[in-house]
Amino acid sequence: YLTLNPNGLMPVLTDGDLVLYETAAICLHLCDTHADATLAPPLGTAERAHFYKWLMWLTNTLQATLINYFYPERLVLPGNTAGAAEVKAQAEARIGNLLNQLDAELARHGGPWFAGAHYSALDPYVFTLCRWTRNFSSPAARTRPQLGPYLQRMLARPAVQRVLSAEELAPPFI
């Protein structure tokens, strides 16, 4: 795996001889190579700019904070369990605020999908990151007034059901 991604992290996409890692790069590549699927708004539009903003925010803000929650020991000296517990608690509190931002964005535009009226590459990414909160002691993503119904719409998609089955993921899904 390290020959595909020297960071030893997921995801990795192989497309012929092309090997990509970093979620945002993979998403953008898929949007570009599958333009007919309209996974992103048209180039040069304000909608595309917001798509870029949210894609980078998901990668650099929400996912990065989730990683701190799940792997707090990476941010403290070995054996510093109290420090790791503090990092985890702070990350969980921050994640709550970030989930509120997602919820507010859905409320702002009122559309069924994260970017509004049209399903995009943001949707499976938002779904995945929200899914990671399903066992939090603080309110999970599914408890927010806009995120909860949105996650149910995502969960109802046949492609999402196929992925959950193929990956042998067990409930709770969100």
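Scroll up to find the structure this text is about.
Rules and cut-offs
Residues numbered from 1 in each chain as written. Predicted model: local features only at pLDDT ≥ 70, side-chain atom pairs only at ≥ 80, totals over all residues. Heavy atoms only, no water. Helix = DSSP H or I, 4+ residues; strand = E, 2+ residues; numbered from the N terminus. Contact = heavy atoms within 4.5 Å. Phe/Tyr/Trp six-rings, centres within 6.5 Å; stacked < 30°, edge-to-face > 60°. Buried < 20%, exposed > 50% of the residue type's maximum accessible area, 1.4 Å probe, protein only. Axes fitted to C-alpha atoms, helices over the stretch in contact; angles between N-to-C directions. Parallel < 35°, antiparallel > 145°, perpendicular 65-115°, else oblique. Nonpolar A, V, L, I, M, F, W, Y, C, P; charged D, E, K, R; others polar. Core = buried A, V, L, I, M, F, W, Y, C linked by side-chain atoms within 4.5 Å.

Student: Residues and numbers for the side chain of Arg 144, please.
Tutor: Within the element layout of this structure, Arg 144 appears in the loop between helix H4 (122-131) and helix H5 (147-155). Among residues more than four places away in sequence, those in contact with Arg 144 are Gly 96, Leu 99, Asn 100, Asp 103, Pro 139 and Pro 149.

Student: With reference to specific residues and values, describe the packing of aromatic side chains.
Tutor: The final tally for this structure, using the stated rule, is nine aromatic pairs. On the numbers, 5.1 Å between centres and 75 degrees between planes, the contact of Trp 54 with Trp 57 is edge-to-face. Of the two residues, Trp 54 and Trp 57 both sit in helix H2 (residues 46-70), three residues apart, roughly one turn of that helix. In this structure Trp 57 comes out as buried when scored by relative accessible area, which is 13%.

Student: I'd love a proper account of the packing of helix H1 (residues 23-33) against H2, names of residues and values included.
Tutor: Where H1 meets H2, the axes come as close as 10 Å, and the angle between the chain directions of the two elements is 150 degrees. Our classification of the angle between H1 and H2 gives roughly antiparallel. Across the interface between the two elements, Thr 23, Ala 24, Cys 27, Leu 28, Cys 31 and Asp 32 of H1 pack against Arg 48, Phe 51, Tyr 52, Leu 55, Met 56, Thr 59 and Gln 63 of H2. Among the residues making up the contact of H1 with H2, the classes are represented as eight nonpolar, three polar and two charged.

Student: If you had to explain the nonpolar core to someone new, which residues and values would you point to?
Tutor: One finds Leu 58, Leu 62, Leu 102, Phe 114, Cys 130, Leu 147 and Tyr 150 to be the most contacted residues of the largest nonpolar core, which totals 37 residues. Sorting the residues of this core by element identifies H1, H2, helix H3 (81-109), H4, H5 and helix H6 (158-166) as the ones contributing at least two each. The element that contributes the greatest number of residues to this core is H2, accounting for eight residues.

Student: So what about unusual backbone geometry? Which residues, and what values?
Tutor: A cis amide bond links Met 10 to the next residue, Pro 11, at an omega of 0 degrees. Assignment of secondary structure puts Pro 11 in the segment before strand S1 (12-15). Cis geometry marks the peptide bond from Pro 171 to Pro 172; its omega dihedral reads 0 degrees. Position of Pro 172 relative to the elements: it lies in the segment after H6. Notably, Glu 22 is not glycine yet its phi reads approximately 85 degrees, a positive angle. Topologically, Glu 22 is positioned in the loop between strand S2 (18-21) and H1. Using a relative accessible area of 44% as the deciding quantity, one classes Glu 22 as partly exposed. Non-glycine residue Glu 168 carries a positive phi angle of around 55 degrees. Summarising the element assignment, Glu 168 is placed in the segment after H6.

Student: Describe the environment of Thr 23, and please don't skip the residues or the numbers.
Tutor: Within the element layout of this structure, Thr 23 appears in helix H1. Distance from Thr 23 to Ala 46, taken between C-alpha atoms, is 22 Å for residues 23 residues apart in sequence. Discounting chain neighbours no more than four positions away, the residues touching Thr 23 are Pro 11, Thr 59, Gln 63 and Tyr 125.

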